[in-house]
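Per-entry structural report
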Amino acid sequence: MTTISEAITRDHREIKDYYNEVVGSSDVAHQTSYGNLLVWELARHSVGEELILYPAFEQYMGEKGKEMADKDREQHHEVKILLKKFQALTPRDEDYRETLDQLMGPLREHMDEEERDDLPAIEEALKSNLEDQNGSAAPDPSSLSSTVVDSQTLARRFALTKKFVPTRSHPSAGEHPLFESAMGLLAAPIDHLMDLMRKFPDQPSVGERAGQTSERADSPIEATKETARKGVERTQSMGQSAMEGAKDTAEAGRKKTRQAADTAGDKARDVSARARDTARRGSESVKRAVSSSASSGAS
Ligand SMILES: [Fe+2]
Ligand SMILES: [Fe+2]
């Protein structure tokens, strides 16, 4: 089961990977795909943290948690301004790369801080809160709403919250799209997002558990991931064909070697037979000469 630290850190790695894809390529289509992927993933990640992680800081870590949450929200605000600027650009724009680097600077610092300071602190707080709760003889029923959750539950809520902010309407949300752009999502007031989230089931539907969510396939993120997956499959299939080709070549080589060995064996057998024949004839002629000399001596 994934912990909240693992879920957040995995997102951070993905965001950094998308950045590397953009700056490591000169292909405009590739840069556009991964640039879009970075924008959407960052938007969903930020909203997920603001709805699930930062409230958990405040709930389980007292004054220190409030300070951490405030600092993180402030850093998100700075990143969102740069993200808005970056999202309006294309790889053909002169300041595309510069703006992306301007965005990644404070974002990297923020992600590093979360991983180094905030996540270990919340893991520790969740653990000790849980121990306190389990140690109390009779839990107060009136405090059910503030029941302590474990790190894995927080991770599951974080994942579901990210899933509820697709580019298109969730099936149960009716006809109206939720957010047509990452900026629409980021600009939405947080209490409005919380209201929206409450309209979604806490558990994934049967179809979602089986990985059949239609909005997943429709979103640019999933579409790009799908393209990447197909690319990997193609590469694997090319590798398989190359391997089959190599096997055929090796088999043909082995066949040729066997044929050459057979031919050499046949030749050697011929030579040996001829030698035996010559020796036999030589021996017969010696015998004949001895016999003739013996008979002429006797006479
Ligand atoms: Fe964050
Ligand atoms: Fe983060």
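Residues numbered from 1 in each chain as written. Chains lettered and ligands numbered in written order. Predicted model: local features only at pLDDT ≥ 70, side-chain atom pairs only at ≥ 80, totals over all residues.

Structural notes on the overall build of the chain
Check the secondary structure of the chain and you find 10 helices and zero strands. Its helices and strands taken in sequence order, the chain reads α-α-α-α-α-α-α-α-α-α from the N to the C terminus. Looking at the 299 residues of the chain, the share that counts as buried comes to 24%. Within the chain, counting contacts between residues at least 6 apart in sequence, those at least 24 apart form 67% of the total. (Helix = DSSP H or I, 4+ residues; strand = E, 2+ residues; numbered from the N terminus. Buried ≥ 20, exposed ≤ 12 C-beta atoms within 10 Å, placed from the backbone. Contact = placed C-beta atoms within 7 Å.)

Observations concerning the packing of helix H2 (residues 28–60) against helix H3 (residues 62–87)
Running from amino to carboxyl end, H2 crosses H3 at an angle of 170°, the nearest separation of the two axes being 9 Å. One finds that H2 runs roughly antiparallel with respect to H3. Note on packing geometry: the crossing formed by H2 with H3 is left-handed. For the pair H2 and H3, the contacting residues are Val-39, Leu-42, Ser-46, Glu-50, Tyr-54, Phe-57, Glu-58 and Tyr-60 in the first and Gly-65, Lys-66, Met-68, Ala-69, Asp-72, Arg-73, His-76, Leu-83 and Gln-87 in the second. (Axes fitted to C-alpha atoms, helices over the stretch in contact; angles between N-to-C directions. Parallel < 35°, antiparallel > 145°, perpendicular 65-115°, else oblique. Left-handed = near helix turned anticlockwise from the far one by under 90°.)

A look at helix H4 (residues 96–135)
Under the 1.5 Å per step criterion, the end-to-end length of H4 is 55 Å for 40 residues, consistent within 8% with the ideal 58 Å. For H4, the principal kink sits at Glu-114 and spans about 40°. (Expected span 1.5 Å × (residues − 1). Bend = angle between axes of the 7 residues up to and from the residue.)

Concerning the nonpolar core
Counting residues in hydrophobic clusters, the biggest one holds 43 residues, and the most contacted among them are Ile-4, Leu-38, Leu-53, Phe-57 and Ile-122. Setting aside chain neighbours within four positions, we find Ile-122 in contact with Ile-4, Ala-56, Phe-57, Tyr-60 and Met-61. (Core = buried A, V, L, I, M, F, W, Y, C linked by C-beta atoms within 7 Å.)

A few points about helix H1 (residues 4–23)
The end-to-end C-alpha distance of H1 is 29 Å, a good match for the 28 Å that 20 residues give at a rise of 1.5 Å each. Along H1, the residues classified as buried are Ile-4, Ala-7, Ile-8, Asp-11, Ile-15, Tyr-18, Tyr-19 and Val-22. End-on, the buried residues of H1 take up no more than an arc of 120°, which puts them together on one face. Exposed side of H1, more than 90 degrees from the buried face: Arg-13 and Asn-20 are the residues found there. (Arc of directions from axis to C-beta.)

Structural notes on the packing of H1 against helix H5 (residues 151–163)
Relative to each other, H1 and H5 sit at 40°, their axes nearing to 7 Å. It follows from the interaxial angle that H1 and H5 lie oblique. Taking contact as the criterion, the partners of Ile-4, Ser-5, Glu-6 and Ala-7 in H1 are, on H5, Ser-151, Leu-154, Ala-155, Phe-158 and Ala-159. Grouping the amino acids of the contact of H1 with H5 by side-chain chemistry returns six nonpolar, two polar and one charged. (Nonpolar A, V, L, I, M, F, W, Y, C, P; charged D, E, K, R; others polar.)

Digging into the environment of Glu-114
With respect to the helices and strands, the residue Glu-114 is situated in helix H4. C-alpha separation for the pair Glu-114 and His-12, spaced 102 residues apart in sequence, amounts to 9.9 Å. Discounting chain neighbours no more than four positions away, the residues touching Glu-114 are Ile-8 and Leu-119.

Here's the deal with the environment of Asp-17
Within the element layout of this structure, Asp-17 appears in helix H1. Under the C-beta neighbour-count criterion, Asp-17 is labelled partly exposed, with 13 such atoms within 10 Å. Distance in space between the C-alpha atoms of Asp-17 and Leu-38 is 8.8 Å, their sequence separation being 21 residues.

Looking at the environment of Thr-9
Here Thr-9 shows up in helix H1. A C-alpha to C-alpha distance of 6.8 Å links Thr-9 and Glu-115, two positions 106 residues apart in sequence.

As for the confidence of the model for the chain
A residue-level look at the chain finds 58% of positions with pLDDT of 70 or above and a mean pLDDT of 76. Within the chain, the lowest mean pLDDT, 39, falls on helix H9 (residues 214–218), and the highest, 97, falls on H1. Confidence drops under a pLDDT of 50 for residues 141–145, and excluding neighbours within four residues, the segment shows zero contacts in the predicted structure. Residue range residues 167–171 is modelled with pLDDT below 50. Its contacts to residues more than four positions away, or to other chains, number 17 contacts. (pLDDT = per-residue confidence, 0-100.)

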